[in-house]
Amino acid sequence: MISDAASPIPLEGFLAVAAMLFCVGVWGLINSRNAVRVLMSIELMLNAVNINLMAFSNYLDGQLIRGQVFAIFVITVAAAEAAVGLAILLSLYRNRETVDMERFNLLRW
Amino acid sequence: MSIASTTQQICFLVLSATTVIGSLGVVLLPNIVYSAFLLGGVFLSVAGLYLLLNASFVAAAQILVYVGAVNVLILFAIMLVNKKETLAAIPGLLVRRLLSGAVCAGLFALLLRVAFTTPWALPGPTPVGEEATIRIGEHLFTDYLLPFELASVLLLMAMIGAIVLARRDVFSTDVITGEPADQGLIEKDRTPLLIETSANAPTLLTKP
C-alpha cells in the first residue's frame, strides 16, 4: 500500500497517536475507581505499544517485518492477561463484594 | 492493494481521531458499559491503522482477539460484577486527578519530543506489502519457533489459571485433611446477588 518512497503519512504521526493513547491509558490506570476500567486502561496501553511496533516495522524494517511478529506475541500475552485479570477480579468481587479499587487495600502497610 | 495518498491521509486522520476520542471516552465516561463498547471502537480503529501500515494479518488478528475475545470478556465481567454501589468519597481526589493529569501531559510531551527530534533512518527498506503474511509465517516457524511454542504453553496456563481462580466450588471440609475448612477465608456466607430468595425457591449457592 505504502510502496512509494515518499510515504503520504509520516512516521511521527503514528508515534504521536500511540503516545496519546499510552498517556490516556496511564491516566486511566491511576485514576479509575472501577477495577474493570483499570483492566481496560491496561489494554489501551498495550495497543499503544503495538501501534509503535507496527509503525517501526513498516517504516524502518520493511523487509524482515520483525515488529509485526512481536506485535502478534504481544496480542497473545494480552489475551492471557485479560483472562487471568478478569478471573482475579471475579474472585475479588466474591470476597469483598465491591469493585472499588480504593477498598482493595488489605496489603497496604 | 493501492490507495491514493490523499485517501490514506484522510483515513489516517479519521482513524486517529476515533482512537484518541474513544480512548478518552473509555477512561472518562461514568457508565462503564459505554466505556466497554467504546473500547471495542478503539480496537477497531487501531486495526484500521494496522491496515494503513501494510499489516493485514495483524489487523485481522487484532479484530479477532481484541474485539472478539477480550472485549466480550470485559463485557461479561461487567455483567457479572455490575452492582450499583455508591463509591465513598476520598479526600483530595481532584488534586490527585490534576496531578496525575499533569504527569501524563508531561509524559506525552516527552514522547512527542522524542518522536519529532530523533533522526529516524528514513526511508528504510521497501515494505513487503501484501507478502507480510507469508513473512510472518516464515518467522513463526523458523527463528521465532521457540517463542511461538512458549506462547501456546502460556495460553494453556492462562486458561487453567482462569478456571481455577474463577470457579465457585466451596468445600465444607478440607480436601486433604478432612477438617472443617474456614469458609470465611474462601467465600462469604451470603445470599447471591442475582437470585431472589423466596421460601421455596432453591438457591444456587451452596451454603457452608
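About the thresholds
- Residues numbered from 1 in each chain as written.
- Chains lettered and ligands numbered in written order.
- Predicted model: local features only at pLDDT ≥ 70, side-chain atom pairs only at ≥ 80, totals over all residues.
- Heavy atoms only, no water.
- Helix = DSSP H or I, 4+ residues; strand = E, 2+ residues; numbered from the N terminus.
- Buried < 20%, exposed > 50% of the residue type's maximum accessible area, 1.4 Å probe, protein only.
- Contact = heavy atoms within 4.5 Å.
- Areas by Shrake-Rupley, 256 points an atom, 1.4 Å probe, with all protein chains shown as cover.
- Phe/Tyr/Trp six-rings, centres within 6.5 Å; stacked < 30°, edge-to-face > 60°.
- Axes fitted to C-alpha atoms, helices over the stretch in contact; angles between N-to-C directions.
- Parallel < 35°, antiparallel > 145°, perpendicular 65-115°, else oblique.
- Nonpolar A, V, L, I, M, F, W, Y, C, P; charged D, E, K, R; others polar.
- 1 Å grid on protein atoms, 1.4 Å probe; cavity = no way out; pocket = protein on both sides within 12 Å on 5 of 7 lines; lining within 4 Å.
- Points joined across faces, edges and corners; volume = space filled by probe spheres on them.
- Buried area = accessible area lost by both parts, 1.4 Å probe.
- Salt bridge = Lys/Arg side-chain N within 4 Å of Asp/Glu carboxyl O.
- Polar contact = N/O pair within 3.5 Å; in protein donor to acceptor, adjacent residues only side chain to side chain.
- Core = buried A, V, L, I, M, F, W, Y, C linked by side-chain atoms within 4.5 Å.
- Disulfide = S-S within 2.5 Å.
- pLDDT = per-residue confidence, 0-100.

Moving on, we come to the overall build of chain B. Counting its secondary structure elements, chain B contains seven helices and zero strands. Element order for chain B, N to C, with α for helix and β for strand: α-α-α-α-α-α-α. The buried share among the 208 residues of chain B stands at 29%. Relative to all contacts within chain B whose residues are 6 or more apart in sequence, the contacts with residues 24 or more apart total 43%. Entry remark: accessible area of chain B is about 13200 Å², with carbon and sulfur atoms responsible for 71%.

Moving on, we get to the packing of aromatic side chains. Inspection of the entire model under this criterion finds six aromatic pairs over all chains. When the ring of Phe43 of chain B is compared with that of Tyr66 of chain B, the centres are 4.6 Å apart and the planes differ by 40°; the resulting orientation is tilted. Within this pair, whereas Phe43 of chain B is found in helix H2 (residues 32-52), its partner Tyr66 of chain B is found in helix H3 (residues 56-81), the two being separated by 23 residues in sequence. One aromatic cluster in this structure is built from Phe14 and Tyr59 of chain A together with Phe12 of chain B.

Residue and element names in this part refer to chain B. Even without glycine at this site, Asn54 takes up a positive phi of about 65°. Position of Asn54 relative to the elements: it lies in the loop between H2 and H3. By relative accessible area, Asn54 is classed as buried at 6%.

Following both chains from N to C, one finds helix H2 (residues 35-59) of chain A and H2 of chain B inclined at 10°, their axes separated by 11 Å at the closest point. Here H2 of chain B runs roughly parallel to H2 of chain A, going by the angle between their axes. Each of Val36, Arg37, Met40, Glu43, Leu44, Asn47, Asn50, Ile51 and Met54 of chain A in H2 of chain A lies in contact with H2 of chain B, whose residues at this interface are Ile32, Ser35, Ala36, Leu39, Val42, Phe43, Val46, Leu49 and Tyr50 of chain B. The residue makeup of the contact of H2 of chain A with H2 of chain B, split by class, is 13 nonpolar, three polar and two charged.

Turning to the environment of Leu39 of chain B, a few remarks are in order. Position of Leu39 of chain B relative to the elements: it lies in helix H2. Given the relative accessible area of 0%, Leu39 of chain B is considered buried. Between the alpha carbons of Leu39 of chain B and Val26 of chain B there is a distance of 6.1 Å; along the sequence they are 13 residues apart. Residues within four places of Leu39 of chain B in sequence aside, it is in contact with Met40 and Leu44 of chain A together with Val26, Asn71 and Ile74 of chain B.

Looking now at the layout of surface pockets. Size it by volume and the largest pocket reaches roughly 540 Å³. Lining the largest pocket are 24 residues, and of these Asn34 and Arg37 of chain A together with Pro30, Ile32 and Leu87 of chain B lie nearest its centre. Per element, the largest residue contribution to the lining of the largest pocket is three residues, and it comes from helix H1 (residues 11-31) of chain A. Of the residues that constitute the lining of the largest pocket, the class distribution is 12 nonpolar, six polar and six charged.

Every contact between the two is made by 73 residues of chain A and, on the other side, 91 residues of chain B. When chain A packs against chain B, close to 8100 Å² is buried across both sides, 72% of that on carbon and sulfur atoms. We note a salt bridge from Glu102 of chain A to Arg96 of chain B, for which the minimum N-O separation is 3.0 Å. In this assembly, chain A and chain B are joined by 15 residue pairs in polar contact (both at pLDDT 80 or more).

A separate point is the nonpolar core. Of all hydrophobic cores here, the largest spans 68 residues; its most connected members are Phe14, Val36, Met40 and Leu44 of chain A together with Leu49, Val58 and Ile74 of chain B. The set of elements that each furnish at least two residues to this core consists of H1, H2 and helix H3 (66-96) of chain A together with helix H1 (5-28), H2, H3, helix H4 (93-117) and helix H5 (132-141) of chain B. With sequence-adjacent residues up to four places away left out, Leu49 of chain B is seen in contact with Phe14, Val17 and Ile51 of chain A together with Phe12, Leu15 and Thr19 of chain B.

Structurally, Arg33 of chain A can be placed in the loop between H1 and H2. Excluding anything up to four places from it in sequence, Arg33 of chain A contacts Val99, Asp100, Met101 and Glu102 of chain A together with Leu87, Ala88, Ile90 and Leu93 of chain B.

Here we take up the state of the cysteines. Scanning the model with the defined rule gives zero disulfides over all chains in all. Here Cys104 of chain B is not cross-linked by a disulfide; its sulfur's nearest cysteine counterpart is in Cys23 of chain A, at 6.0 Å.

Residue and element names in this part refer to chain A. Residues at a pLDDT of 70 or more form 94% of chain A, whose mean pLDDT is 87. Mean pLDDT values over the elements of chain A span from 91, in H3, up to 94, in H1. Confidence drops under pLDDT 50 across residues 1-5; counting only partners more than four residues distant or on other chains, this segment forms 15 contacts.

Our focus in this paragraph is the side chain of Ser32 of chain A. Residues and elements named next belong to chain A. Tracing the backbone shows Ser32 in the loop between H1 and H2. On the basis of relative accessibility, which here comes to 8%, the residue Ser32 falls in the buried class. Of note is the side chain of Ser32, whose polar atom sits 2.5 Å from the backbone oxygen of Gly28. Setting aside residues up to four positions removed in sequence, Ser32 forms contacts with Arg37, Val38, Ser41 and Met101.

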